[in-house]
Structure formats: C-alpha cells, structure tokens
Amino acid sequence: AQSVTQLDSQVPVFEEAPVELRCNYSSSVSVYLFWYVQYPNQGLQLLLKYLSGSTLVKGINGFEAEFNKSQTSFHLRKPSVHISDTAEYFCAVSDMKTSYDKVIFGPGTSLSVIP
Amino acid sequence: SQTIHQWPATLVQPVGSPLSLECTVEGTSNPNLYWYRQAAGRGLQLLFYSVGIGQISSEVPQNLSASRPQDRQFILSSKKLLLSDSGFYLCAWSVGLAGNNEQFFGPGTRLTVL
C-alpha cells in the first residue's frame with residue numbers, strides 16, 4: 001500500500017526567504033507524484049507533477065520540486081516566498097498501474113508567510 | 001476547456017436532516033469522479049469514486065452514499081446527518097486510464113451540522 005508523509009504540519013517563513021516543504025512516500029511500484037495548493041475555503045490546485053524524465057520539476061508560481069527515487073522524496077521548494085503563498089500544501093502519490101486514478105494525499109503542510 | 005462545479009457552496013443543516021450535494025463536470029466525457037471530505041485542519045479523505053454511470057465504490061463505510069445518474073454528474077447524499085459529517089467536501093475528476101492520474105478539483109462545499 002502507498003502512503004505519503006509530510007513531516008512538517010506547519011511552516012512559518014518570512015517574506016522573501018526561501019522555503020522547502022518536505023514530502024516522503026512509500027510505494028512498491030512506479031508512481032506519479034504531485035503537489036497541490038489549497039487557499040482558504042477553496043478547492044485544490046495543481047502546482048506541479050512528476051510523471052517521468054527529469055527529476056527536477058518546475059511548476060506554477062515559482063515553485064519547483066525534485067524527485068529523489070533512492071530517498072523516496074519529492075520536496076517542494078521556492079527561492080523567495082510572497083505573502084500570497086500562504087496556503088495549505090498537499091503532496092500526493094499515485095500508482096502508475098492502478099485500475100482507476102487513485103491518489104493518496106499527505107496530511108498537508110500549512111505555510112504561513114510572515115511580512 | 002474543462003470545468004467542475006459544486007453546489008451549494010455552503011450549507012448549515014441540523015443533525016438528523018438529509019443531505020444532497022451535487023457536482024457536475026463540463027468539457028469532458030466519461031471522467032472518473034471522486035468525493036473527498038476534509039475535516040477542519042486535516043487532510044483529504046476519499047469517500048467515493050466512480051469510473052462510470054451507476055458505478056460507485058466506497059472507500060470508507062459511513063452514513064453517506066453517492067450516485068452517478070449521468071456521465072458528468074456526481075451526487076453525495078445522506079438520509080440523516082451526524083455532527084461528525086461537518087467538513088469541507090470536495091469533488092474531483094480525472095481523465096481515466098488514458099491520463100496520468102492528475103485530479104482536478106471543484107471549489108468545495110462547506111457543510112456545518114448543528
């Protein structure tokens with residue numbers, strides 16, 4: 001069975017500072033990996049995804065993530081955060097060969113950007 | 001382009017009352033459809049998924065049910081709400097086997113059971 005761990009439930013960071021949100025997963029098969037962002041009282045929006053190929057994935061709003069197969073990690077990074085980045089961030093994993101598109105979500109990391 | 005709608009946006013219901021939340025998708029055919037619940041300050045819990053009309057799979061046993069009367073319509077229901085049913089309900093869709101498992105989410109329904 002697959003699982004996703006997000007080690008930090010809350011991450012406070014000052015505006016214009018860099019940030020890294022950590023994500024580790026477990027799976028016995030090849031996977032797709034995703035990061036979603038959720039602003040208050042809204043649905044989830046895809047930030048970026050890893051399907052195959054280059055392990056460094058660039059997404060929207062200046063975010064990027066690096067897939068590390070040996071460490072089963074998919075950490076999200078941004079070199080300089082803005083107030084508008086304050087939101088909940090979810091890491092997710094999906095088995096490439098499931099009969100339907102089941103996606104396992106992590107518990108989420110709340111990013112708070114401090115002015 | 002594809003869009004997903006959910007209504008109502010917010011709902012306040014007394015304990016023991018019925019529930020009906022609706023989700024519709026536009027711009028795609030035969031999508032996989034999903035209902036998630038998000039309790040306050042917590043992650044997403046998959047409640048139901050559907051790979052076709054009339055095909056519903058439940059992930060978590062509870063007093064909720066789902067139906068898919070049309071290809072792009074997904075309904076979440078309950079006959080009698082419990083306090084523990086409060087939360088943020090999200091509908092999502094994906095392309096299916098031809099896709100890469102990316103899910104697209106609706107705006108959500110905030111349900112408060114009093």
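Refer to the structure printed above.
So, here's what we can say about the structure.

Definitions and cut-offs
Residues numbered from 1 in each chain as written. Chains lettered and ligands numbered in written order. Predicted model: local features only at pLDDT ≥ 70, side-chain atom pairs only at ≥ 80, totals over all residues. Heavy atoms only, no water. Helix = DSSP H or I, 4+ residues; strand = E, 2+ residues; numbered from the N terminus. Rg over C-alpha atoms; globule rule 2.2 N^0.38 Å. Buried < 20%, exposed > 50% of the residue type's maximum accessible area, 1.4 Å probe, protein only. Areas by Shrake-Rupley, 256 points an atom, 1.4 Å probe, with all protein chains shown as cover. Lys, Arg positive; Asp, Glu negative; His and termini not counted. Charge placed at Lys NZ, Arg CZ, Asp CG, Glu CD. Core = buried A, V, L, I, M, F, W, Y, C linked by side-chain atoms within 4.5 Å. Contact = heavy atoms within 4.5 Å. Buried area = accessible area lost by both parts, 1.4 Å probe. Salt bridge = Lys/Arg side-chain N within 4 Å of Asp/Glu carboxyl O. Polar contact = N/O pair within 3.5 Å; in protein donor to acceptor, adjacent residues only side chain to side chain. Nonpolar A, V, L, I, M, F, W, Y, C, P; charged D, E, K, R; others polar. Disulfide = S-S within 2.5 Å. Pairing = 2+ DSSP bridges. Axes fitted to C-alpha atoms, helices over the stretch in contact; angles between N-to-C directions. Phe/Tyr/Trp six-rings, centres within 6.5 Å; stacked < 30°, edge-to-face > 60°.

Comments concerning the overall build of chain A
(1) Moving on: When its secondary structure is counted, chain A shows zero helices and twelve strands.
(2) Moving on: The linear arrangement of helices and strands in chain A, starting from the amino end, is β-β-β-β-β-β-β-β-β-β-β-β.
(3) Moving on: Since a compact globule built from 115 residues should have a radius of gyration of about 13 Å, the 14 Å found for chain A is in line with a globular shape.
(4) Moving on: Dimensions of chain A, computed from the C-alpha atoms along their principal axes, are close to 45 × 30 × 20 Å.
(5) Moving on: Taken across its 115 residues, chain A has 43% of its residues classed as buried.
(6) Moving on: For chain A, the computed accessible surface area is about 5,500 Å², with 52% contributed by carbon and sulfur atoms.
(7) Moving on: Across chain A, the 8 positively charged side chains and the 10 negatively charged ones have centroids separated by 9 Å.

What about the nonpolar core?
(1) Moving on: Counting residues in each nonpolar core, the largest one holds 27 residues, and the members touching the most others are Leu33, Trp35, Leu47, Leu48, Phe74, Leu76 and Tyr89 of chain A.
(2) Moving on: Only β2 (10-14), β3 (19-21), β5 (31-38), β6 (44-50), β8 (64-68), β9 (73-78), β10 (87-95) and β12 (109-114) of chain A provide two or more residues apiece to this core.
(3) Moving on: If near-sequence neighbours (up to four positions away) are discounted, tyrosine 89 of chain A is found in contact with Gln6, Leu21, Trp35, Tyr36, Val37, Leu47, Phe63, Leu76, Gly108, Thr109 and Leu111 of chain A.
(4) Moving on: Counting 20 residues, the second-largest nonpolar core is a separate cluster that includes Leu64, Ala66, Leu81 and Leu111 of chain B.

Observations regarding the interface of chain A and chain B
Put simply, an interface is often sized by how much accessible area is lost when its parts join up.
(1) Moving on: The interface is formed by 23 residues belonging to chain A together with 25 residues belonging to chain B.
(2) Moving on: The junction of chain A with chain B conceals about 1,800 Å² of combined surface from both sides, 51% of it contributed by carbon and sulfur atoms.
(3) Moving on: Taken together, the connections running from chain A to chain B amount to one salt bridge.
(4) Moving on: A salt bridge links glutamate 102 of chain B to lysine 49 of chain A; the shortest N-O distance between them is 2.6 Å.
(5) Moving on: In this structure, the connection of chain A to chain B is made through four residue pairs in polar contact (both at pLDDT 80 or more).
(6) Moving on: Only β5, β6 and β10 of chain A provide two or more residues apiece to the side of chain A that touches chain B.
(7) Moving on: At four residues, β5 of chain A tops the list of elements feeding residues into the side of chain A that touches chain B.
(8) Moving on: Considering only residue class, the side of chain A that touches chain B consists of eleven nonpolar, eight polar and four charged.

Examining the side chain of glutamate 102 of chain B
(1) Moving on: Turning to its location among the elements, glutamate 102 of chain B is positioned in the loop between β9 (87-94) and β10 (104-105).
(2) Moving on: The exposure class of glutamate 102 of chain B is buried, given its relative accessible area of 10%.

Observations regarding the state of the cysteines
One covalent bond between the sulfur atoms of two cysteine residues makes up a disulfide.
(1) Moving on: In total, this model carries two disulfides over all chains according to the counting rule given.
(2) Moving on: Each sulfur of the disulfide joining cysteine 23 of chain A and cysteine 91 of chain A lies 1.9 Å from the other. Its S-S torsion of approximately -65° makes the covalent link between cysteine 23 of chain A and cysteine 91 of chain A left-handed. Taken together, the residues cysteine 23 of chain A in the loop between β3 and β4 (24-26) and cysteine 91 of chain A in strand β10 connect sequence positions 68 residues apart. Both residues of the pair, cysteine 23 of chain A and cysteine 91 of chain A, belong to the buried class.
(3) Moving on: The partner cysteine of cysteine 23 of chain B in its disulfide is cysteine 91 of chain B, sulfur to sulfur 2.0 Å. With the S-S bond torsion at -75°, the cross-link from cysteine 23 of chain B to cysteine 91 of chain B turns out left-handed. Residue cysteine 23 of chain B is located in strand β3 (residues 19-26), and its partner cysteine 91 of chain B is located in strand β9; the two are separated by 68 residues in the primary sequence.

Focus on the sheet that holds strand β7 (residues 64-70) of chain B
Residue and element names in this part refer to chain B.
(1) Moving on: With respect to topology, four strands assemble into an open sheet ordered β1-β3-β8-β7, the strand pairing being antiparallel. The outermost strands of the open sheet, each flanked by one partner alone, are β1 (3-7) and β7. Geometrically, the sheet is characterised by an average inter-axis angle of 20° between neighbouring strands, direction not taken into account.
(2) Moving on: Bridge count between β1 and β3: five bridges; the pairing is antiparallel. If you follow threonine 3 over to β3, its bridge partner there is glutamate 26.

What to know about the packing of aromatic side chains
(1) Moving on: Tallied over the entire structure, the rule returns twelve aromatic pairs over all chains.
(2) Moving on: A centroid spacing of 5.9 Å and a plane angle of 75° characterise the contact between phenylalanine 105 of chain A and phenylalanine 105 of chain B, whose relative ring orientation is edge-to-face. Of this pair, phenylalanine 105 of chain A sits in strand β11 (residues 104-105) while phenylalanine 105 of chain B sits in strand β10, on two different chains. This pair shows no difference in class: phenylalanine 105 of chain A is buried, exactly as phenylalanine 105 of chain B is.
(3) Moving on: Taken together through their ring pairs, the aromatic side chains of Phe34, Tyr36 and Phe105 of chain A together with Tyr34, Tyr36 and Phe105 of chain B make up a single cluster.

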